[in-house]
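Below, each chain spelled out in residue letters.
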Amino acid sequence: VPLETRAGDIVHSSPSWPRKTHIDVRIICRTAADFECLVFQNYYTASIGIVQRLAQGAAGRPLHTVLASYPLMRDPHCEDDARGWHALRRVQLAQPLCGGPTGPGEIVLRLWLTQPSPSWEDIALHHLQAYSFAPVRLRSAGAPRGSVNALLLEVRQKAARLRELAEEEDEKELLQKMPEIIKKVRLPSRPIRLTDGVS
């Protein structure tokens, strides 16, 4: 699920190389636990470091380093992968994001961009987008679809019928009728997978 992501402008410490470069990214979410992945397209950046900007007075740490260095190019002097797409997941962070948001419903990350090669003066990150993973929800009862759900529904119906007979008839008569009831459960003609019919 996409989270509202606001990327600021690229900021350079000086107009010429060598220089420090960073970009601030604001992610609108309830808590840091909502963040699962940051997707972006690289533009000649060799590696990035990420710090989280905390609210003023948050345990005396305005900046919290979550990733010291993450390579984006195999070789900073070669441009074969200089414009590749990347997906940075939360589990890849060296330190977890702090739980409380910086402001009302937002987390602010500062991405430091590094490029040691003098061949590429302009470096950047484009199309930054944060995501949260949506929980998988199974369909509620009603009209189940697929071979697995249909089979389970039929088994439940037969089990209910057996319970009714147990209340109405004696044990001997129930044992006589049980094989007939059970064999009416129609098994699928092919092996079924646990994912069949689950959506």
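Remember, it's a predicted structure, so these values are computed and weren't measured experimentally. (Residues numbered from 1 in each chain as written. Predicted model: local features only at pLDDT ≥ 70, side-chain atom pairs only at ≥ 80, totals over all residues. Heavy atoms only, no water.)

## Concerning the sheet that holds strand S8 (residues 85–89)
Strand order in the open sheet made by the four strands is S1-S10-S5-S8, with antiparallel pairing throughout. Both outer strands of the open sheet, strand S1 (2–3) and S8, are each paired with one neighbouring strand and no more. Pairing geometry for strand S5 (residues 37–43) and strand S10 (residues 124–131), over six bridges, is antiparallel. In the sheet register, Gln41 faces S10, and the bridge partner there is His126. (Pairing = 2+ DSSP bridges. Helix = DSSP H or I, 4+ residues; strand = E, 2+ residues; numbered from the N terminus.)

## Quick notes on the pattern of salt bridges
Counting across every chain of the model gives nine salt bridges. The partner of Arg110 in a salt bridge is Asp24, with the nearest N and O atoms 2.8 Å apart. Of the two residues, Arg110 is situated in strand S9 (residues 106–114) and Asp24 in strand S4 (residues 21–28); the sequence distance between them amounts to 86 residues. Per residue, the accessibility class of Arg110 equals that of Asp24, and both read buried. Ionic pairing is found between Arg26 and Glu106, a salt bridge with its closest N-O pair at 2.6 Å. In this pair, Arg26 is assigned in strand S4 and Glu106 in strand S9, connecting sequence segments 80 residues apart. (Salt bridge = Lys/Arg side-chain N within 4 Å of Asp/Glu carboxyl O. Buried < 20%, exposed > 50% of the residue type's maximum accessible area, 1.4 Å probe, protein only.)

No statement about biological role is implied by the geometric values presented.
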